[in-house]
Amino acid sequence: MEFHKIQRLPPYVFEQVNRLKSSARAAGVDIIDLGMGNPDLPTPSWVVDKLCEAVQHPRTHRYSASKGIIGLRRAKAAYYARRFNVKLDPDTQVVATLGSKEGFANMAQAITAPGDVILCPNPSYPIHTFGFLMAGGVIRSVPVEPDETFFQALEMAVRHSVPKPLALIISYPSNPTARVATLDFYKDVIAFAKKHDLIVLSDIAYAEIYFDGPPPPSVLEVPGAIDVAVEFSSMSKTFSMPGWRVGFAVGNERLIRALTRVKSYLDYGAFTPIQVAAAHALNSDGEDAARARDIYRTRRDTLVKTFADAGFDVPAPAATMFAWAKIPPHFRHLGSLEFSKLVLEKAQVAISPGIGFGEMGDEYVRLAFVENEDRIRQAARNLKRWLSASARQPQLDKAMKGF
């Protein structure tokens, strides 16, 4: 017998690729992993040093506050003031989370009643949909492109949804598509949300990984956005701290209070020394984040060039640590999951199937910049060898029919 909430969840697509990857590695195959967005850069040494210093104090070994220590919440508020010119009250408008993923999941628990309709881009990061599905909500998809088609879909969704939608999820720079939104787009989003009484939940986990154009904005920069919006972010990518599990939700006081209350029943917050070190990182000058950005930019450029030479065209993303690429025409009929399995088997390269981010992603795959340049070049060589052989095979088959 399956449990009710488990039945609502589709099979976790990425697990199929991960199993094949693990089996290949167990057999001694060298797999180049461009799949999971797991940053490989080390956490800055001075952040680690701060952790080691804090852990020496026995008082830091006790339970922490589920909403985060005051020093961490103040540091996050100061970051928003510097980066976005947004003023936040660290006591009522900031809560620390165990990564943005946990924050989204518990916000879903806090605000969702059974049957509530949530508007979510498709494709999108899985927790944006699954968090609300597990909370009993219903997902209605809208396009991910931040353009006129987005608002046309919103209008249609509001007009035809029963009950009226509760919330709209936005995420720019986008995982997986790497699309970036402008402040004008956010102004239109907030105007739409206020007109239709929608909550806006924004995910900006990749706001500090950008390559072309100005730094990505925050939705909270829009005057009056804090009346309806909460924004989620993470230390994982900006400071290469994925395993530390530190993130934030900031914004509307009523929504932050609801999230804080749910969290108070479920966790005691991250280990205090981790929070101390995270506050230290947030209060820094940003040089380490800039260095990480430069490394990802170099990897992006290397991947785009070498994969193009291999016969796999990959558009250069303006932000994030991912490229979102259409499956080569010869293989598009397979769908993204079978294509990803084939790439793993034939080229020893792990990639993420687009179907894992929603049905609208099935003609695409996501490539993560989590291997160094030499490994990326090796991945391109593997792909070129396989793609060249695949291109020759139909010609060989045709020639053999003549005998």
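The rules we used
- Going along each chain's sequence as written, the residues are numbered from 1 onward.
- Only residues with pLDDT of at least 70 get local features here, since the model is predicted, and only at 80 or more are side-chain atom pairs given and counted; chain-wide, interface and lining totals rely on the full set of residues.
- Where side-chain values are given, they derive from all heavy atoms of the structure, hydrogens and water being excluded.
- UniProt positions are given in the numbering used here, feature names are shortened, and annotations may be inferred rather than shown by experiment.
- In this text, helices come from DSSP runs of H or I with a minimum length of four residues, and strands from runs of E with a minimum of two, each type numbered from the N-terminal end.
- In this scheme, a residue with accessible area under 20% of its type's maximum is buried, one over 50% is exposed, and one in between is partly exposed, where area comes from a 1.4 Å probe on protein chains only.
- Domain borders in the structure are assigned automatically or taken from a domain database.
- Contacts: residue pairs with any heavy atoms within 4.5 Å of one another.
- Here the buried area means the combined drop in accessible surface, using a 1.4 Å probe, for two parts upon being joined, counting both sides.
- We count a salt bridge whenever a side-chain nitrogen from Lys or Arg sits within 4 Å of a carboxyl oxygen from Asp or Glu.
- For this analysis, a polar contact is any N or O atom pair within 3.5 Å, provided that within protein one partner can donate a hydrogen and the other can accept it, and provided that sequence-adjacent residues contribute only side-chain to side-chain pairs.
- Each axis is a line fitted through C-alpha atoms, taken for helices only over the stretch in contact, and angles between the N-to-C directions span 0 to 180 degrees.
- By the definition adopted for this analysis, an angle is roughly parallel if under 35 degrees, roughly antiparallel if over 145, roughly perpendicular if from 65 to 115, and oblique otherwise.
- Here is the rule for handedness: rotate from the far helix to the near one, and if that takes an anticlockwise turn smaller than a right angle the crossing is left-handed, while a clockwise turn gives right-handed.
- Pairing of aromatic rings covers Phe, Tyr and Trp, the last through its six-membered ring, and needs centres within 6.5 Å; plane angles under 30 degrees mean stacked, over 60 mean edge-to-face, and all others mean tilted.
- The criterion is that NZ of a Lys, or CZ of an Arg, lies within 6 Å of the ring centre and within 35 degrees of the ring normal, and then a charge sits over that ring.
- Two kinds of site are reported from a 1 Å grid over the protein atoms alone, namely cavities, where a 1.4 Å probe fits but cannot get out, and pockets, open sets with protein on both sides within 12 Å along at least five of seven lines, and residues are called lining when an atom falls within 4 Å of a point.
- Grid points are joined across faces, edges and corners, and a volume is the space filled by probe spheres set on the points.
- Amino acids outside the nonpolar list (Ala, Val, Leu, Ile, Met, Phe, Trp, Tyr, Cys, Pro) and the charged list (Asp, Glu, Lys, Arg) are all regarded as polar, and Gly is one of them.
- What makes two strands pair is DSSP finding at least two bridges between them.

Under an unreviewed UniProt entry, the name given to the chain is Aminotransferase, and the organism recorded is Rhizobium tropici. Check the Cofactor (unreviewed entry) section of the UniProt entry for the chain; it says "pyridoxal 5'-phosphate".

Draft legend 1. Up close: the environment of Ala258. On the secondary structure map, Ala258 appears in helix α9 (residues 253-266). Through-space distance from the C-alpha of Ala258 to that of Phe369 is 36 Å; in sequence the pair is 111 residues apart.

Draft legend 2. Just the UniProt feature "domain: Aminotransferase class I/classII large" (unreviewed entry) in the chain, in detail. The UniProt feature table records "domain: Aminotransferase class I/classII large" (unreviewed entry) at residues 30-381. Taken end to end, residues 30-381 comprises 41% helix and 14% strand; its first and last C-alpha atoms sit 14 Å apart.

Draft legend 3. Representation of the side chain of Thr112 in the model. Inspection of the secondary structure puts Thr112 in the loop between α5 (99-111) and β3 (117-121). Exposure remark for Thr112: the relative accessible area of 12% places this residue in the buried category.

Draft legend 4. Up close: the domain arrangement of the chain. If you check the domain split of the chain, you get domain 1 (2-40 + 285-389) and domain 2 (56-280). A C-alpha centroid distance of 26 Å is found between domain 1 and domain 2. At the interface, 28 residues of domain 1 touch 29 residues of domain 2. For the pair domain 1 and domain 2, the two sides together bury roughly 2700 Å², of which 63% comes from carbon and sulfur. Between the two partners, domain 1 and domain 2, sit two salt bridges. The partner of Asp212 in a salt bridge is Arg300, and the shortest N-O contact between them spans 3.0 Å. Between the two partners, domain 1 and domain 2, sit nine residue pairs in polar contact (both at pLDDT 80 or more).

Draft legend 5. Highlighting the packing of helix α4 (residues 70-84) against helix α10 (residues 272-282). Relative to each other, α4 and α10 sit at 20 degrees, their axes nearing to 9 Å. Considering the angle they form, α4 stands roughly parallel to α10. Read as a crossing pair, α4 and α10 show a hand that is left-handed. Between α4, through Gly71, Leu72, Ala75, Lys76, Tyr79 and Arg82, and α10, the contact on the second element is made entirely by Gln275, Ala278, Ala279 and Leu282.

Draft legend 6. Structural context of the packing of aromatic side chains. Applying the stated criterion across every chain yields a total of 18 aromatic pairs. With a centroid separation of 5.4 Å and an interplanar angle of 65 degrees, the aromatic rings of Tyr206 and Phe322 are classed as edge-to-face. With Tyr206 in the loop between β6 (199-203) and β7 (229-234) and Phe322 in strand β9 (residues 322-326), this pair connects stretches of sequence that are 116 residues apart. Given the relative accessible area of 6%, Tyr206 is considered buried. Taking 5.6 Å as the distance between ring centres and 45 degrees as the angle between the ring planes, the aromatic pair formed by Phe331 and Phe339 counts as tilted. Connected via pairs of aromatic rings, a cluster forms that spans Phe150, Phe151, Tyr172, Phe185 and Tyr186. If you follow Arg366 out to its NZ or CZ, it ends over the ring of Phe322, 3.9 Å from the centre.

Draft legend 7. Geometry of empty space enclosed by the protein. Evaluation of the coordinates by the stated rule reveals two cavities of 30 Å³ or more. Quantified by volume, the largest cavity comes out at close to 60 Å³. In this structure, the largest cavity is lined by 14 residues; those nearest its centre are Ala96, Thr97, Leu98, Ala270 and Gln275. When grouped by side-chain class, the residues that make up the lining of the largest cavity number five nonpolar, five polar and four charged. Its volume calculated, the second largest cavity comes out at about 30 Å³. In this structure, the second largest cavity is lined by Pro121, Pro123, Ser124, His128, Val144, Ile170, Ser171, Tyr172, Ser174 and Asn175. For the lining of the second largest cavity, the class distribution of residues is five nonpolar, five polar and no charged.

Draft legend 8. Just the sheet that holds β9, in detail. Strand order in the open sheet made by the three strands is β9-β12-β11, with antiparallel pairing throughout. Two strands close off the open sheet at either side, each with one partner strand: β9 and β11 (352-353). Sheet analysis places β9 next to strand β12 (residues 364-368), joined by five bridges and oriented antiparallel. Across the sheet, Ala325 pairs through a bridge with Val365, a residue of β12.

Draft legend 9. Expanded view of helix α6 (residues 126-134). Summarising burial for α6: eight of the nine residues are buried, a large majority. Where α6 is buried, its residues meet α2 (13-26), α5, β3, β4 (138-142), β5 (167-171) and β6. Backbone geometry just downstream of α6 places Gly136 in the positive-phi region, at approximately 95 degrees.

Draft legend 10. Structural context of the pattern of salt bridges. Under the definition given, this model contains 25 salt bridges. For Asp309, the salt bridge identified is with Lys305, shortest N-O distance 3.2 Å. Residue Asp309 and its partner Lys305 are both found in helix α11 (residues 287-310); the two are separated by four residues, about one turn of the helix. Among the residues examined, Lys305 registers a relative accessible area of 55% and is labelled exposed. One salt bridge connects Glu363 with Lys326, and the closest N-O pair in it is separated by 3.5 Å. Here the residue Glu363 occupies a position in the loop between β11 and β12, and Lys326 occupies one in strand β9, the gap between them amounting to 37 residues. You can call Lys326 partly exposed: its relative accessible area is 34%. Three or more residues joined by partner-sharing salt bridges are found here, namely Asp30, Glu371 and Arg375.

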